[in-house]
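# Summary of the model geometry
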Amino acid sequence: MPGRVGHQDRRGFDGLMQGLMVVMAMSVLLMIVFSWKLGLAALMISAILFILFEAISAPPANGPRAFMQVFPHQVKRRPILVCLGDSLTHGNCSSTFTPDVPRKLADRLGMDPPSLTAVFADPLWVVNCGQNSITSYTIRKERLSGALNCSPDYILILIGTNDVRAMYKEAWAKQVVKINALPQVPSLENYESNLRAIIDHIQTQQMQTQIGVCTLPPLGEDLSSPANDWVRKVNTVIEKTVNSFNDKCSVVPVFQRFESILEKKPGKGKGISVDHFMVVAFFMNLIYHMLPGMVTWNALSKLVGNILLTDGVHLNDNGKDIIVDLVVEWLMTKNVAKAIAVKAM
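Conventions used here
- Residues numbered from 1 in each chain as written.
- Predicted model: local features only at pLDDT ≥ 70, side-chain atom pairs only at ≥ 80, totals over all residues.
- Heavy atoms only, no water.
- Phe/Tyr/Trp six-rings, centres within 6.5 Å; stacked < 30°, edge-to-face > 60°.
- Helix = DSSP H or I, 4+ residues; strand = E, 2+ residues; numbered from the N terminus.
- Buried < 20%, exposed > 50% of the residue type's maximum accessible area, 1.4 Å probe, protein only.
- Salt bridge = Lys/Arg side-chain N within 4 Å of Asp/Glu carboxyl O.

Let us now look at the packing of aromatic side chains. A complete count under the given rule lists 11 aromatic pairs for this structure. Relative to F120, the ring of F67 lies with its centre 5.2 Å away and its plane at 75°, an arrangement referred to as edge-to-face. Here the residue F67 occupies a position in helix α3 (residues 64-70), and F120 occupies one in the loop between α5 (100-109) and β2 (125-130), the gap between them amounting to 53 residues. Here the two residues F67 and F120 agree in accessibility, since each one is buried. Taking the centre distance of 4.2 Å and the plane angle of 15° together, the rings of F71 and W125 count as stacked. Remark: W125 occurs in strand β2 and F71 occurs in the loop between α3 and β1 (80-85); sequence separation between them is 54 residues. W125 carries the same exposure label as F71, and that label is buried. By way of ring pairs, the aromatic residues F67, F71, F120 and W125 are connected into one cluster.

This part takes up the pattern of salt bridges. If you walk through the whole model with that rule in mind, you get 15 salt bridges. With a shortest N-O distance of 3.3 Å, E54 and R10 are connected by a salt bridge. Of this pair, E54 sits in helix α2 (residues 36-57) while R10 is found in the segment before α1 (14-33), placing the two residues 44 residues apart along the sequence. Relative accessible area serves as the criterion here: at 31%, E54 is assigned to the partly exposed category. A relative accessible area of 24% means that R10 is categorised as partly exposed. For the salt bridge of R11 with E142, the shortest nitrogen-to-oxygen distance reads 2.9 Å. You can see R11 sitting in the segment before α1 and its partner E142 sitting in helix α6 (residues 136-148), a full 131 residues away along the chain. With respect to class, R11 is no different from E142; both count as buried. Overlapping salt bridges, with partners in common, bring together D100, R103, K320 and D321 in one network.

Take a look at the structure:
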């Protein structure tokens, strides 16, 4: 995959966006030579879609490239948390958790709240290495060098949702393989191999870095669904793999926390099936990004009967808050308060 290795990109959207640019050019020509009404309609639709895909695929403001530009060589005066993951971490088509971690941590430690305008806010600098559509193989082969270049004290790994999607549904498997140019279809065996290789590489390169590996959140809010049977299988692999390493690698129990809340869901409502998530995700993102500040992820998820997930895959604001709480709880068990004090000296 030339030009992609090591950097966040727009995979899954780059071809669509290039095609829409061609359509916009053709629309102008259509307005001139045939029908201005038809051409204008085509131009407006293609422009809206281009803006939508641009918003969804844009790299996060607190990504690794931005971090290295802000702090190219200086001694890092705050602990650094790097978050490796897919769209759940990227946070453009999901409520984004990485900016809230410093605020929640400061509150937990009784410190002054961080600046709302700071991209990398005290007391913990969080680098978002998330990327829409990627898998465990992508992180193993492409993303570790960029993440480790940030000299993290902590690394949070939340990866595998797209692996599970590929295991669950053949049509999704073809899509995931194509977008990521995978050598094989994701399976439990190669997921375990990838996760083990990721942890091995981190611990070999930076032995003192604390690693937190999240179990995957549910796929859809119906805990008894076949999709969630696959999620549980992958989470078993995560727990077994993480527990085979030393105490600098630990499990962050995301699925378990989601499960405890969904089991108490009013009326035992299951929400919309995850099988429809791509259509639901498109319209939710269209509304959210075309009406900025006017609608929340919680409000959109409520429309389809969900309380933690928007389209059955991505996080709403409630789901994001759970992740933030879990990350801060994990950091507190890893002496983050002491790390903050030492770095500030």
